Amino acid sequence: MKSLRSREHRRLRAILVEAREAAGLTLRDMGVRLKQSHTILAKVESGERRLDVIEFIYVARALGVDPKELFAKLLD
């Protein structure tokens, strides 16, 4: 089953955007924190690219959020 355009994937993207904005960070800020191009993160937020589990953990930590808390929001 592909998840890229699923309801759950849209929800995950919304959670990540909300967390980034709540942290007061831009995509460029996140790129610097993760030592990668901000365009990759833009593709994640726009739904063009998925994160694997390890990437999700890195992104959550770069946001200053416990990955378990972000994941729990997805499951609610």
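Cut-off values and rules
Residues numbered from 1 in each chain as written. Predicted model: local features only at pLDDT ≥ 70, side-chain atom pairs only at ≥ 80, totals over all residues. Heavy atoms only, no water. Salt bridge = Lys/Arg side-chain N within 4 Å of Asp/Glu carboxyl O. Helix = DSSP H or I, 4+ residues; strand = E, 2+ residues; numbered from the N terminus. Axes fitted to C-alpha atoms, helices over the stretch in contact; angles between N-to-C directions. Parallel < 35°, antiparallel > 145°, perpendicular 65-115°, else oblique. Contact = heavy atoms within 4.5 Å. Nonpolar A, V, L, I, M, F, W, Y, C, P; charged D, E, K, R; others polar. UniProt positions renumbered as here; feature names shortened; annotations may be inferred. Buried < 20%, exposed > 50% of the residue type's maximum accessible area, 1.4 Å probe, protein only. Polar contact = N/O pair within 3.5 Å; in protein donor to acceptor, adjacent residues only side chain to side chain.

So, on to the pattern of salt bridges. All chains considered together, the criterion is met by four salt bridges. In this structure, the salt-bridge partner of Arg7 is Glu8, at a minimum N-O distance of 3.7 Å. A salt bridge links Glu18 to Lys73; the shortest N-O distance between them is 3.7 Å. Of the two residues, Glu18 is situated in helix H1 (residues 7-22) and Lys73 in helix H5 (residues 67-75); the sequence distance between them amounts to 55 residues.

One can describe the packing of H1 onto helix H3 (residues 38-46) by two numbers: an axis separation of 8 Å at closest approach and a directional angle of 130 degrees. With respect to H3, the element H1 is oriented oblique. Contact residues: Arg13, Leu16, Val17 and Arg20 in H1; Val44, Glu45 and Ser46 in H3. Tallied by class, the residues present in the contact of H1 with H3 amount to three nonpolar, one polar and three charged.

Our next topic: the UniProt feature "domain: HTH cro/C1-type" (unreviewed entry) in the protein chain. Here, the residues flagged by UniProt with the feature "domain: HTH cro/C1-type" (unreviewed entry) are residues 16-70. The straight-line gap between the two end C-alpha atoms of residues 16-70 is 8 Å; of that span, 69% is helix and 0% is strand.

On to the side chain of Arg20. Within the fold, Arg20 resides in helix H1. Classification of Arg20 by relative accessible area gives buried; the value is 10%. Of the polar contacts made by the side chain of Arg20, one reaches the side chain of Glu45; its length is 2.6 Å. Residue contacts for Arg20: discarding those within four places in its chain leaves Leu25, Thr26, Leu27, Met30, Glu45 and Leu63.

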